[in-house]
Amino acid sequence: MATVALQATLQPGTAAQETVPETYFEYPKVPENLESLNEKSNFFIENFWKRCNMKSAFSSRQKMEGAFRDYVSFMPFADAEVVHNSIDRLISEVKKNPKNLLTLGEIAEATLYSDTAKMVCDECYLPFAKAIAENRKISKAEKARFEYQASALEGSQVGMTAPDFEYNRPDGTSGRLSELPNGAYVLLFINDPDCTECELARMRLSADVNLNDLIDSGNLVVLSIYPGEPTDDWKDRTTVYNKKWIVGAMPEIDELYDMRNPPVIYYLNGQHKILSKNFDIDNLLEAFRQVNAKMNKKEGSQE
């Protein structure tokens with residue numbers, strides 16, 4: 001059975017074995033007959049909230065945040081179905097009080113979604129954002145960002161077909177993601193030239209020998225998208241972009257794709273299904289190196 005670890009990024013310093021000197025409520029005691037980390041994690045996740053009094057638990061947000069972090073720390077090692085069922089039960093219990101539900105959503109956002117989260121897991125966070133977005137007793141102002149997050153995450157999850165969109169090229173012509181040839185992998189690079197991190201990422205990707213080799217061999221297409229209007233200033237800036245890339249502008253792309261941490265990078269397979277998203281540039285370049293090395297080795301063996 002698939003584990004959540006496949007779609008979660010566990011940051012250094014987070015581990016399921018962390019000990020907690022004093023817990024907010026009594027945590028489940030894992031039976032000794034459960035030996036594997038997966039079995040222990042499943043039991044812990046399934047039973048974590050059973051001894052928590054939800055009516056009074058939110059009286060101390062700080063302690064509730066600590067408990068939630070402990071709960072989350074076991075998710076990468078548990079089965080995905082177990083995690084999702086546990087999250088659904090937790091939300092079902094808490095949503096009886098809209099104020100507490102909003103607090104829970106904010107805690108989940110900080111723990112699972114924000115740029116400071118120790119474990120980023122969109123599939124784990126989405127149910128919390130949806131629960132708040134769909135709650136009629138929470139004000140529009142309070143749930144606005146959760147509505148946006150839920151909408152963006154629902155359409156751009158790993159495993160889904162990437163949302164299609166039309167973009168404008170610097171020369172005034174237009175194109176669509178769906179028009180890219182099937183078969184070649186696609187690196188969708190959403191970036192803004194006014195963003196320092198985006199520019200650094202663009203220059204590193206543009207100069208990478210392995211990435212360029214993959215483009216030349218027809219195995220990879222890079223689609224660089226500016227999330228704004230195709231202004232003359234933007235067109236001028238694109239003159240220094242890698243000529244092997246497809247470059248375009250699409251101002252409403254933030255309505256289709258999760259854009260929390262620019263630059264935003266989605267990696268699509270030959271049928272435009274999302275394989276991964278929000279890559280670390282160093283890891284991405286290393287992946288290109290390994291893929292290119294394997295391809296060169298394969299070609300060498302066929303000669």
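Placed above this text is the structure.
Owing to the predicted nature of the structure, the values given are computational and were not obtained by experimental measurement.

Calculation notes
- Residues numbered from 1 in each chain as written.
- Predicted model: local features only at pLDDT ≥ 70, side-chain atom pairs only at ≥ 80, totals over all residues.
- Heavy atoms only, no water.
- Helix = DSSP H or I, 4+ residues; strand = E, 2+ residues; numbered from the N terminus.
- Buried < 20%, exposed > 50% of the residue type's maximum accessible area, 1.4 Å probe, protein only.
- Contact = heavy atoms within 4.5 Å.
- Areas by Shrake-Rupley, 256 points an atom, 1.4 Å probe, with all protein chains shown as cover.
- Lys, Arg positive; Asp, Glu negative; His and termini not counted.
- Charge placed at Lys NZ, Arg CZ, Asp CG, Glu CD.
- Salt bridge = Lys/Arg side-chain N within 4 Å of Asp/Glu carboxyl O.

Quick notes on the overall build of the protein chain
- Along its length, the protein chain carries 11 helices and 9 strands.
- Principal-axis analysis of the C-alpha atoms gives the protein chain an extent of 60 × 50 × 30 Å.
- Taken across its 303 residues, the protein chain has 48% of its residues classed as buried.
- Looking at the protein chain alone, contacts between residues at least 24 apart form 69% of all its contacts between residues at least 6 apart.
- Accessible surface for the protein chain amounts to roughly 15800 Å². Of this, 48% is attributable to carbon and sulfur atoms.
- Taking the 34 positively charged and 46 negatively charged side chains of the protein chain as two groups, their mean positions are separated by 6 Å.

Here's the deal with the pattern of salt bridges
- Inspection of the entire model under this criterion finds 18 salt bridges.
- For D122, the salt bridge is made with R260, and the minimal N-O distance between the two is 2.6 Å. Within this pair, whereas D122 is found in helix α6 (residues 122-133), its partner R260 is found in the loop between β7 (246-249) and β8 (264-268), the two being separated by 138 residues in sequence.
- When its relative accessible area of 10% is taken as the criterion, D122 is described as buried.
- Residue R260 is classed as buried on the basis of its relative accessible area, which comes to 17%.
- For D233, the salt bridge is made with R237, and the minimal N-O distance between the two is 3.3 Å. Of this pair, D233 and R237 both sit in helix α10 (residues 232-237), 4 residues apart, which is roughly one turn of that helix.
- Judged by relative accessible area, D233 falls into the partly exposed class, the value being 45%.
- Among the residues examined, R237 registers a relative accessible area of 30% and is labelled partly exposed.
- Taken together, the shared-partner salt bridges in this structure form one network comprising D122, D258, R260 and K277.

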